[in-house]
Amino acid sequence: MSDRKPLIVGNWKMNANHLEAIQMIQKLSYRLEPSDYDAVDVVVAPPFTSLRSVQVVIEQDRIPIALGAQDVYWVDEGAYTGEISAPMLAKLNVAHVIVGHSERRQHFGESDEMVKLKAKAALGHDLFPIVCVGETLEQREAGDAESVVRGQLRAGLTGLALGEGSLSVAYEPVWAIGTGRNAMPDDAGLMGGLVREELRSIFDSETAERVRVLYGGSVNPVNIKDFMAKKDIDGALVGGASLDPDKFAAIVRYRL
Ligand code: PGA
């Protein structure tokens with residue numbers, strides 16, 4: 001057993017206006033108990049427009065759920081219409097930032113180079129990047145899944161100074177996201193091991209042991225247990241199921 005505390009992150013994507021977000025965080029908090037937070041680090045990543053509202057609820061009600069953002073720009077301030085910077089997120093007590101989600105790579109042309117700039121900006125403001133990697137179906141069928149993921153990690157992370165901070169890596173096969181077709185837990189476990197091995201070569205063994213590796217892609221209350229049983233999977237990045245407080249709470253409570 002490693003001493004990495006499980007990390008379960010709800011990625012709300014482009015869902016929930018700020019009023020809906022308030023209801024979702026409240027409902028989620030009613031379904032979780034102190035022992036759940038002792039066992040698992042719980043994070044929700046609402047859209048930017050809902051961050052402040054969720055922050056106010058979790059601080060006022062002292063809910064031990066951490067706040068995540070779904071993206072960040074790498075410049076601190078200036079003429080970048082539409083972008084949001086790391087210091088802006090830090091000011092809202094955002095703790096984690098999802099970087100390089102496959103939807104950003106696919107629809108918004110995010111490259112490994114941009115992923116690295118974003119991760120670096122996050123680390124520079126004491127935010128933990130959750131760096132997403134994963135192969136497409138074509139790449140998997142061509143037998144390239146491992147080389148694609150290794151390449152994304154090397155290009156996205158090499159040269160980052162982690163210092164006291166840390167990051168998480170989410171292995172999310174693109175074909176499993178939002179499709180209801182999750183990866184086989186054994187395959188995900190192997191890819192988790194590969195991610196850790198690559199982290200060892202990019203950074204060092206100590207860092208590789210410390211980084212939490214998440215699985216993402218159609219995680220639900222039933223399959224979560226099988227993923228969490230894998231030694232190199234330390235948590236989950238949950239999309240669709242995180243919008244339903246009952247389902248997300250059941251995922252957080254996978255151990256029961
Ligand atoms: P999903 O999304 O759980 O809806 O498949 C996962 C993700 O995109 O992080």
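Structure shown above.
1. Thoughts on the overall build of the protein chain
And step 1. Across its full length, the protein chain holds 12 helices and eight strands.
And step 2. Compactness check: the protein chain gives a C-alpha radius of gyration of 17 Å against a globular reference of 18 Å for 256 residues, within 12% of the reference.
And step 3. Projected onto the principal axes, the alpha-carbon positions of the protein chain cover approximately 50 × 45 × 35 Å.
And step 4. With 256 residues in all, the protein chain has 53% of them scored as buried.
And step 5. Working note: accessible area of the protein chain is about 11,900 Å², and carbon and sulfur atoms make up 51% of it.
And step 6. Side chains of the protein chain carry 27 positive and 36 negative charges; the gap between the two charge centres is 3 Å.

2. A closer look at the packing of helix H8 (residues 145-157) against helix H9 (residues 185-202)
And step 1. At their nearest, the axes of H8 and H9 sit 10 Å apart, and the two run at 35 degrees to each other. In this structure, H8 crosses over H9, and the sense of that crossing is right-handed. Counting all contacts with H8, which are made through Ala145, Glu146, Val149, Arg150, Leu153, Arg154 and Leu157, the residues of H9 involved are Met191, Leu194, Val195, Glu197, Glu198, Leu199 and Ile202.
And step 2. Broken down by class, the residue content of the contact of H8 with H9 amounts to nine nonpolar, no polar and five charged.

3. Thoughts on the site of the ligand
And step 1. The ligand sits among 13 residues. The nearest are Lys13, His101, Glu172, Gly178 and Ser218.
And step 2. A distance of 2.8 Å separates an oxygen atom of the ligand from a polar atom in the backbone of Gly239.
And step 3. For the ligand, an oxygen atom lies 2.8 Å from a polar atom in the backbone of Gly240.
And step 4. When the ligand sits alone it has 280 Å² of accessible area, and the protein chains cover 96% of it.
And step 5. Its residues placed into classes, the shell around the ligand shows four nonpolar, seven polar and two charged.

4. Considerations on the pairing of strand E3 (residues 66-69)
And step 1. Pairing of strand E2 (residues 41-45) with E3 involves two bridges; the strand directions are parallel. Bridge assignment links Val44 to a residue of E3, and that residue is Leu67.
And step 2. The parallel pair E2 and E3, bridged by helix H3 (residues 48-60), forms a crossover whose chirality is right-handed.
And step 3. Sheet topology note: the E3/strand E4 (residues 94-99) ladder contains three bridges and is parallel. Across the sheet, Leu67 pairs through a bridge with Val94, a residue of E4.
And step 4. Between E3 and its parallel partner E4, the chain crosses via helix H4 (residues 86-91), and the hand of that crossover is right-handed.

5. A closer look at the pattern of salt bridges
And step 1. Tallying each qualifying case throughout the model produces 23 salt bridges.
And step 2. Asp246 is paired through a salt bridge with Arg31; the nearest N and O atoms lie 2.5 Å apart. Separated by 215 residues along the polypeptide, Asp246 in helix H12 (residues 245-252) and Arg31 in helix H1 (residues 18-31) bring together distant segments of the chain.
And step 3. Two residues, Lys118 and Glu110, come together in a salt bridge whose shortest N-O distance is 2.8 Å. For the pair Lys118 and Glu110, a shared accessibility class is recorded, and that class is buried.

6. Topic: empty space enclosed by the protein
Which parts of space are left empty comes out when a probe the size of a water molecule is rolled across the atoms.
And step 1. On inspection of all chains with the given rule, the structure shows one cavity of 30 Å³ or more.
And step 2. Every residue along the wall of the largest cavity is listed here: Gly100, Ser102, Arg105, Cys132, Val133, Gly134, Gln152, Glu172 and Val174.
And step 3. Elements represented by at least two residues in the lining of the largest cavity include exactly helix H5 (102-107) and strand E5 (128-133).
And step 4. Taken together, the residues of the lining of the largest cavity break down into three nonpolar, four polar and two charged.

Calculation notes
Residues numbered from 1 in each chain as written. Predicted model: local features only at pLDDT ≥ 70, side-chain atom pairs only at ≥ 80, totals over all residues. Heavy atoms only, no water. Helix = DSSP H or I, 4+ residues; strand = E, 2+ residues; numbered from the N terminus. Rg over C-alpha atoms; globule rule 2.2 N^0.38 Å. Buried < 20%, exposed > 50% of the residue type's maximum accessible area, 1.4 Å probe, protein only. Areas by Shrake-Rupley, 256 points an atom, 1.4 Å probe, with all protein chains shown as cover. Lys, Arg positive; Asp, Glu negative; His and termini not counted. Charge placed at Lys NZ, Arg CZ, Asp CG, Glu CD. Axes fitted to C-alpha atoms, helices over the stretch in contact; angles between N-to-C directions. Left-handed = near helix turned anticlockwise from the far one by under 90°. Contact = heavy atoms within 4.5 Å. Nonpolar A, V, L, I, M, F, W, Y, C, P; charged D, E, K, R; others polar. Near = heavy atom within 4 Å. Polar contact = N/O pair within 3.5 Å; in protein donor to acceptor, adjacent residues only side chain to side chain. Pairing = 2+ DSSP bridges. Right-handed = clockwise from strand over helix to strand, strands pointing away. Salt bridge = Lys/Arg side-chain N within 4 Å of Asp/Glu carboxyl O. 1 Å grid on protein atoms, 1.4 Å probe; cavity = no way out; pocket = protein on both sides within 12 Å on 5 of 7 lines; lining within 4 Å. Points joined across faces, edges and corners; volume = space filled by probe spheres on them.

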